[in-house]
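Coordinates in review
What follows is each chain in one-letter form.
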Amino acid sequence: MFAARQSVRLAGLRARLASTLAFVESEQGIVSKASLSALNAASKITNPITAVFVGSDASTAAESLKKSYSCDQLKDIIVVKDSELDHYLPERVTPVIVDMLKQPEYSHFITASSSVGKNILARIGALLDNQPVSEVVEIKDSQTFVRPIYAGNILSTVKNTQEKNILSVRASSFASIPEGSTESATISEQTAPVSEDIAITWEGENILKSTRPELGSAKRIVAGGRALKDKETFENLLTPLADALGAGIGATRAAVDNGFCDNSLQIGQTGKVVAPELYIAAGISGAIQHLAGIKDSKVIVAINNDPEAPILKIADYALVDDVFKVLPELTEKVK
């Protein structure tokens, strides 16, 4: 009887102390849009939120979050200002997060399901002997989450009864927290735990720079597939239409593999998951992996000369015609 009372009392204590640790990414002091969506997802759990920034520009990003965005549940912002954490190498970031999550106050951990989030989530789960719940698209309550399975064909509702819930959320399924300010949040600095001598160094990066909207947040996207034949045709057909619409440009895996565009533009299960207001698919047949990445789009327009193409069955507007004739005409009409 005494043991039962103790168990109930400890459970109640944990509930009162429950807090959510949210990992927030930034670049040059600017908070990423995916992390703003992750903070919105964290607020649906109704716990107080502690946001954590790492890297040389962490203080600047923390101030930006506090002064530029409104999140009522955001109570604390932790800054771990260490140049070794720049570039988010998972072998260096993971020990920082694990050290924090060992504190009993944190019942939840949330990160965006970005390349960074995916890199650290599995490692955190392994080190804490905890099964993460990935790619969450809906939060029903503090222990119940909805995530896609089978390439997005089925939505699975998961009840997680572990002491700590470790989650990644799909940014396209949650709006960003609104602009405003969260002056009540306090900013504090922590030092990174002493890490083991890891034989890994940052060599460099080659990132495609573009003035176009980032695919994850673009309201309009024009995408092309293997039917566009080559890089020159891909650019000549899609760029004018994207310019006229103020849209981002995307591609299927087949188009990327054939060198039509940079792999950062790949959309699908193994690329980026998008949810624009308008998605125009030009010369895309609609492999299941690609459809998994666009299914949350508000309006899908498909142009394909094959009446049996799978994408025509899920499109809101389907045009069975030659993409090489349709796109120039469509571009002129949009202009």
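Criteria and cut-off values
Residues numbered from 1 in each chain as written. Predicted model: local features only at pLDDT ≥ 70, side-chain atom pairs only at ≥ 80, totals over all residues. Heavy atoms only, no water. Pairing = 2+ DSSP bridges. Helix = DSSP H or I, 4+ residues; strand = E, 2+ residues; numbered from the N terminus. Axes fitted to C-alpha atoms, helices over the stretch in contact; angles between N-to-C directions. Contact = heavy atoms within 4.5 Å. Core = buried A, V, L, I, M, F, W, Y, C linked by side-chain atoms within 4.5 Å. Buried < 20%, exposed > 50% of the residue type's maximum accessible area, 1.4 Å probe, protein only. pLDDT = per-residue confidence, 0-100. Arc of directions from axis to C-beta. Polar contact = N/O pair within 3.5 Å; in protein donor to acceptor, adjacent residues only side chain to side chain. Phe/Tyr/Trp six-rings, centres within 6.5 Å; stacked < 30°, edge-to-face > 60°. Lys NZ or Arg CZ within 6 Å of the ring centre and 35° of its normal.

**Thoughts on the sheet that holds strand β16 (residues 299–304)**
Note: strands within a sheet are paired through backbone hydrogen bonds, in either parallel or antiparallel orientation. Judged by pairing direction, the sheet is parallel, and its five strands sit side by side in the order β14-β13-β15-β16-β17 without closing on themselves. Of all the strands in the sheet, the pair left with one neighbour each is β14 (248–251) and β17 (317–320). When the angles between neighbouring strand axes are averaged without regard to direction, this sheet yields 15°. Pairing geometry for strand β13 (residues 220–224) and strand β15 (residues 278–282), over five bridges, is parallel. Its bridge partner lying in β15, Val222 is registered against Ile280. In this fold helix α6 (residues 231–245) packs onto β13, β14 and β15, with an angle of close to 170° to the strand it touches most, β13.

**Points about the sheet that holds strand β11 (residues 165–169)**
The parallel open sheet is built from seven strands, whose spatial order is β7-β11-β6-β1-β4-β5-β12. Each edge of the open sheet carries a strand with a single partner, namely β7 (133–136) and β12 (186–189). The sheet shows a mean angle of 25° between the axes of neighbouring strands, direction not considered. Here two bridges tie β7 to β11, and the two strands are oriented parallel to one another. Within β11, the residue paired with Val133 across the bridge is Leu167.

**A closer look at the nonpolar core**
Most often, soluble globular proteins have nonpolar side chains that are buried together. Counting 40 residues, the largest nonpolar core has Val222, Phe234, Leu238, Tyr279, Ile294, Ile311 and Leu327 as the members making the most contacts within it. Among the elements that take part in this core, α6 stands out by supplying six residues, more than any other. Ignoring sequence-local partners within four residues, the contact set of Val222 consists of Leu238, Leu241, Ala242, Leu245, Ala247, Gly248, Ile249, Gly250 and Ile280. Core analysis: the next-biggest nonpolar cluster, separate from the first, contains 32 residues, Ala41, Leu65, Ile110 and Val169 among them.

**Examining the environment of Val301**
By the element assignment, Val301 lies in strand β16. Sequence spacing of Val301 and Leu312 is eleven residues, and the spatial spacing of their C-alpha atoms is 8.5 Å. Here Val301 is in contact with Leu278, Tyr279, Ile280, Ala281 and Tyr317, once residues within four sequence places are set aside.

**A word on the confidence of the model for the protein**
Confidence in the prediction of the protein, expressed as mean pLDDT, is 90, and 93% of residues score 70 or more. pLDDT under 50 marks residues 1–15. Its contacts with residues more than four places away, or in other chains, come to one contact.

**Quick word on helix α3 (residues 58–68)**
One turn of the α-helix equals 3.6 residues, which is why residues spaced by three or four share an orientation. Buried residues of α3: Ala58, Ala61, Ala62, Leu65 and Lys66, and no others. On an axial view of α3, the arc spanned by its buried residues comes to 135°, and they lie on one face.

**Comments concerning the pairing of strand β8 (residues 138–141)**
The sheet contact formed by β8 and strand β9 (residues 144–149) spans three bridges and is antiparallel. Across the sheet, Ile139 pairs through a bridge with Phe145, a residue of β9. Here β8 folds back onto β9, and the loop between the two strands holds two residues.

**Structural notes on the side chain of Arg92**
Checked against the element boundaries, Arg92 lands in helix α4 (residues 90–101). With a relative accessible area of 15%, Arg92 lands in the buried category. A distance of 3.0 Å separates a polar atom in the side chain of Arg92 from the backbone oxygen of Ile200.

**Topic: the side chain of Thr144**
Within the secondary structure layout, Thr144 lies in strand β9. Residue Thr144 is classed as buried on the basis of its relative accessible area, which comes to 11%. Not counting chain neighbours up to four residues away, the residues in contact with Thr144 comprise Ile139, Thr157, Val158 and Lys159.

**Regarding the packing of aromatic side chains**
Each aromatic ring pair is characterised by the separation of its centres together with the angle its planes make. Scanning all chains against the criterion turns up two aromatic pairs. With a centroid separation of 5.8 Å and an interplanar angle of 80°, the aromatic rings of Phe23 and Tyr88 are classed as edge-to-face. Highlighted residues: Phe23 in strand β1 (residues 19–23) and Tyr88 in the loop between β5 (74–80) and α4, separated in sequence by 65 residues. Taking relative accessible area as the criterion, Phe23 reaches 1% and is therefore assigned buried. Judged by centre distance (6.2 Å) and plane angle (50°), the rings of Phe234 and Phe260 are tilted. One end of the pair, Phe234, is in helix α6; the other, Phe260, is in the loop between α7 (253–257) and β15, with 26 residues separating them in the sequence. Considered together, Phe234 and Phe260 belong to a single accessibility category, that of buried residues. The residue whose ring lies beneath Lys229 is Phe324, and the NZ or CZ to ring-centre distance is 5.0 Å.

**Considerations on the pairing of β9**
Pairing geometry for β9 and strand β10 (residues 154–159), over six bridges, is antiparallel. Its bridge partner lying in β10, Phe145 is registered against Val158. Counted between consecutive antiparallel strands, the loop separating β9 from β10 contains four residues, among which Tyr150 sits at a positive phi close to 50°.

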